[in-house]
Amino acid sequence: MHRRLRALDRLDAGKARSGSVPESVRAILVSLTAVVVTVPLGLALLGHEWGVALTRHGIVHRTPLGQPPVVDATGGSFAYQAHQPGLPDQPVTYDPCRAVHVVVNSDLAPPLTGALVAAAIHQVAAATGLRFIEDAPTHELPDQTGNRPVAGAVGATSPPVLIAWTTPERVGALRGRTVGLGGSTAVGDQLTGRRHYVTGTVSLDAPALSVMLLRPQGPALVQAVVMHELGHVVGLAHVHDRNELMSSENHGLTSFGPGDRRGLAVLGAGPCV
Ligand SMILES: [Zn+2]
């Protein structure tokens, strides 16, 4: 029997972190600084519309580090984990102008699975156009829910995406038929209200996936689990379609389906932040 793949619907995945300035104080600040904020507001809009940004080196162009592939615009089905406030057709995405850094905790990884994780990352990178960079290994583990503290996870200070081989004893949400969890945390731009992902977590059930590895096509199935969870990380939700890897139940698929690829292409084409 194929084990069920389920998402970590992170409680904080869709919640922007807003500023702490009370509305009354904010209104006063706006009225007092209407002229002062004109320049940064203009630059912020430029950043979204024309790909330029103000840095300590002056105005620089910001362009995506890669481009998603051209895909068939009609096939399959997909869904977003989260969308922009009031705009269901505009998903929350990672910043395509920054590399998505990844760290792997392979302390409990079954033998020879490092290449499977690397291949899964490569597949998601190719399908989104996002650039992934694997940093030095880590010993960090998610908490019981599959999350981890990301306080201060704003912009360039965000921790890398964590891919951790762990156990149901350590991550209680892996109990039962769930063999993997994945999701990301979004933060909000106080000026525009737009949200973007800054970091994420993948939890892999090492004992269960060790058993899966022994099945026919085991390595390909385990790689598919990692691809599914990374699909959640970059912003795909489950669909009720057995021809998509983002189905909550895996029916033997080992590659992304047509709807998966459409969704991943959209998620890789978000605005630069
Ligand atoms: Zn899932």
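The rules behind each value
- Residues numbered from 1 in each chain as written.
- Predicted model: local features only at pLDDT ≥ 70, side-chain atom pairs only at ≥ 80, totals over all residues.
- Heavy atoms only, no water.
- Salt bridge = Lys/Arg side-chain N within 4 Å of Asp/Glu carboxyl O.
- Buried < 20%, exposed > 50% of the residue type's maximum accessible area, 1.4 Å probe, protein only.
- Helix = DSSP H or I, 4+ residues; strand = E, 2+ residues; numbered from the N terminus.
- Arc of directions from axis to C-beta.
- Contact = heavy atoms within 4.5 Å.
- Polar contact = N/O pair within 3.5 Å; in protein donor to acceptor, adjacent residues only side chain to side chain.
- Donors = N, O, S within 2.8 Å, 3.2 Å for Na, K, Ca; no water.
- Axes fitted to C-alpha atoms, helices over the stretch in contact; angles between N-to-C directions.
- Parallel < 35°, antiparallel > 145°, perpendicular 65-115°, else oblique.
- Left-handed = near helix turned anticlockwise from the far one by under 90°.
- Nonpolar A, V, L, I, M, F, W, Y, C, P; charged D, E, K, R; others polar.
- Pairing = 2+ DSSP bridges.
- pLDDT = per-residue confidence, 0-100.

Enquirer: Describe the pattern of salt bridges, listing the residues and the values that go with them.
Expert: Applying the stated rule across the entire model yields two salt bridges. Across the pair Asp 95 and Arg 98 runs a salt bridge whose closest N-O atoms are separated by 3.2 Å. For Asp 95, a relative accessible area of 4% gives the class buried. On the accessibility criterion, Arg 98 (36% relative accessible area) is partly exposed. Here Arg 177 makes a salt bridge to Glu 249, at a shortest N to O gap of 3.6 Å. Here Glu 249 lies in the loop between helix 5 (218-234) and helix 6 (258-267) and Arg 177 lies in the loop between strand 7 (161-166) and strand 8 (180-188), a separation of 72 residues in the sequence. Given the relative accessible area of 43%, Arg 177 is considered partly exposed. For Glu 249, a relative accessible area of 24% translates into the label partly exposed.

Enquirer: Account for helix 4 (residues 206-213), with residues named and values stated.
Expert: Every buried residue of helix 4 is listed here: Ala 206, Ala 208, Leu 209, Met 212 and Leu 213. Within helix 4, the buried residues cover an arc of 160° as seen down the axis, which keeps them to one side. Contact partners of the buried residues in helix 4: helix 3 (114-128), strand 7, strand 9 (195-205) and helix 5. Measuring from the side-chain oxygen of the N-cap residue of helix 4 to the backbone nitrogen of Ala 208 gives 3.1 Å; that N-cap residue is Asp 205.

Enquirer: Residue-level account of the coordination of the zinc ion, with values.
Expert: Protein coordination at the zinc ion: the donors are His 228 (NE2), His 232 (NE2) and His 238 (NE2), at 2.0 to 2.1 Å from the metal. Counting the intervening residues between successive donors of the zinc ion yields the motif H-x3-H-x5-H. Within this pair, His 228 and its partner His 232 are both found in helix 5, separated by four residues, close to a single helical turn. His 228 gets classed as buried once you look at its relative accessible area, which sits at 0%. For His 232, a relative accessible area of 1% corresponds to the buried category.

Enquirer: Now, about the packing of helix 3 against helix 5: what can you tell me, with residues and values included?
Expert: Where helix 3 contacts helix 5, the two axes come as close as 9 Å, and the packing angle between them is 45°. Accordingly, the angle class assigned to the pair helix 3 and helix 5 is oblique. For the element pair helix 3 and helix 5, the recorded crossing hand is right-handed. Where helix 3 abuts helix 5, its residues Leu 116, Val 117, Ala 119, Ala 120, Ile 121, Gln 123, Val 124 and Thr 128 lie against Pro 219, Val 222, Gln 223, Val 226, Met 227, Leu 230 and Val 234. Grouping the amino acids of the contact of helix 3 with helix 5 by side-chain chemistry returns 12 nonpolar, three polar and no charged.

Enquirer: So what about the pairing of strand 9? Which residues, and what values?
Expert: Consecutive residues of a regular strand have side chains that alternate between opposite faces of the sheet. Burial within strand 9 is extensive, with 11 of its 11 residues counted as buried. As paired elements, strand 8 and strand 9 share nine bridges and run antiparallel to each other. In the strand pairing of strand 9, Leu 181 is matched with Ser 203. In this structure, the hairpin formed by strand 8 and strand 9 is closed by a connection of six residues, where Gly 193 is found at a positive phi of approximately 80°.

Enquirer: Quick one: what's the story with the side chain of His 196, residue by residue and with numbers?
Expert: For His 196, the position within the fold is in strand 9. Look at His 196 and you get buried, because its relative accessible area is 14%. Not counting residues up to four positions away in its chain, the partners in contact with His 196 are Val 92, Thr 93, Thr 185, Ala 186, Val 187 and Val 273.

Enquirer: Pulling in residues and values, what's your account of the confidence of the model for the chain?
Expert: Of the residues in the chain, 75% reach a pLDDT of 70 or more, and the chain-wide mean stands at 80. Contacts from residues 1-53, a stretch scored under 50 in pLDDT, to residues over four places away or in other chains number 102 contacts.

Enquirer: Provide a residue-level description of the sheet that holds strand 6 (residues 132-134), including the pertinent values.
Expert: Across the sheet, five strands lie side by side as 6-5-7-9-8; this open sheet has mixed pairing. In this open sheet, the two strands that pair with only one neighbour each are strand 6 and strand 8. Each neighbouring strand pair of the sheet contributes to a mean axis angle of 20°, computed without reference to strand direction. Contacts from helix 3 reach strand 5 (100-105), strand 6 and strand 7 within the one sheet, and its direction differs from that of strand 6 by about 160°.

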